[in-house]
Amino acid sequence: MYYVIDKPALLESIREEVSHVADEAYSEDGTALYDSVMVTLRDKHKLEGFIDDAVSAFVRREFDITKYSPETYTDEYGEAQLSGRMRLQFHVPDFDETMADAAKAELDRYIVMYACSSLFQQRRATVVPEYTNRTQSAMDKAVALLKYRKHPVTQW
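Residues numbered from 1 in each chain as written. Predicted model: local features only at pLDDT ≥ 70, side-chain atom pairs only at ≥ 80, totals over all residues. Heavy atoms only, no water.

Novice: Talk me through helix H1 (residues 7-23); I want residue IDs and the actual numbers.
Specialist: Residue pairs spaced three or four apart in an α-helix point in one direction, given the helix's 3.6 residues per turn. Its 17 residues place the ends of H1 24 Å apart at the C-alpha level, agreeing with the 24 Å of an ideal helix rising 1.5 Å per residue. Of the residues making up H1, those classed as buried are Leu10, Leu11, Ile14, Glu17, Val18, Ser19, Val21 and Ala22. (Helix = DSSP H or I, 4+ residues; strand = E, 2+ residues; numbered from the N terminus. Expected span 1.5 Å × (residues − 1). Buried < 20%, exposed > 50% of the residue type's maximum accessible area, 1.4 Å probe, protein only.)

Now the structure itself:
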């Protein structure tokens, strides 16, 4: 199974998640903190770094089944070409392919929660414990889905 790291889509999901937290951010005197929490174009490289950190953390945890490599495609001449995107390749021979979409969605959620937690350490420390728990939960769920195996078919 492959998981392509779609940074533009992940960045949009991160922006949406941060927006929810920014909407609820107020100082002790009631001043809105939206502008100090919300992400801007200047944050793009920082967020991409957080995405890379999340992927690296996942690969370190699941090094026995996960490989980080460039995405390739076959051109019209039958030669392999690099697409410019990275992917995770999972070596799980008896993986139940019906779980692939759920596993990919959970990997997306894990990366988004990781990046948000990292950003909130700098901008909104009060929500970091919640996002750390959500990050860990998403990682655990993704691992469980990836390690879910097909049941053998028995014939009588």
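Still to come is the rest of the account.
Novice: Residues and numbers for the sheet that holds strand S1 (residues 2-4), please.
Specialist: Within a sheet, each strand pairs with its neighbour through backbone hydrogen bonds, oriented either parallel or antiparallel. With antiparallel pairing, three strands are arranged side by side in an open sheet as S1-S3-S2. Strands with a single pairing partner mark the edges of an open sheet, and in this sheet they are S1 and strand S2 (66-74). Averaged over all pairs of adjacent strands, the angle between strand axes in this sheet comes to 45°, irrespective of strand direction. Across eight bridges, S2 lies against strand S3 (residues 80-90) in antiparallel orientation. Counted as the bridge partner of Lys67 is Gln89 from S3. Across the face of the sheet, helix H4 (residues 100-123) comes into contact with S1 and S3 while running at roughly 40° to S1. (Pairing = 2+ DSSP bridges. Axes fitted to C-alpha atoms, helices over the stretch in contact; angles between N-to-C directions. Contact = heavy atoms within 4.5 Å.)

Novice: Can you explain the pairing of S3? Please cite residues and give values.
Specialist: In the sheet, S1 pairs with S3 via three bridges, with the strands oriented antiparallel. Across the sheet, Tyr3 pairs through a bridge with Leu88, a residue of S3. Hairpin geometry of S2 and S3 is characterised by an intervening segment of five residues between the two adjacent antiparallel strands and by a positive phi of about 80° at Gly78.

Novice: So what's going on with the pattern of salt bridges? Which residues, and what values?
Specialist: A full pass over the atoms with the stated rule returns nine salt bridges. Among the salt bridges present, the one from Glu62 reaches Lys147, with a minimum N-O distance of 3.1 Å. Remark: Lys147 occurs in the segment after helix H5 (128-146) and Glu62 occurs in the loop between helix H3 (44-61) and S2; sequence separation between them is 85 residues. Judged by relative accessible area, Glu62 falls into the buried class, the value being 4%. Among the charged side chains, a network of salt bridges with common partners joins Arg61, Glu62, Asp140 and Lys147. (Salt bridge = Lys/Arg side-chain N within 4 Å of Asp/Glu carboxyl O.)

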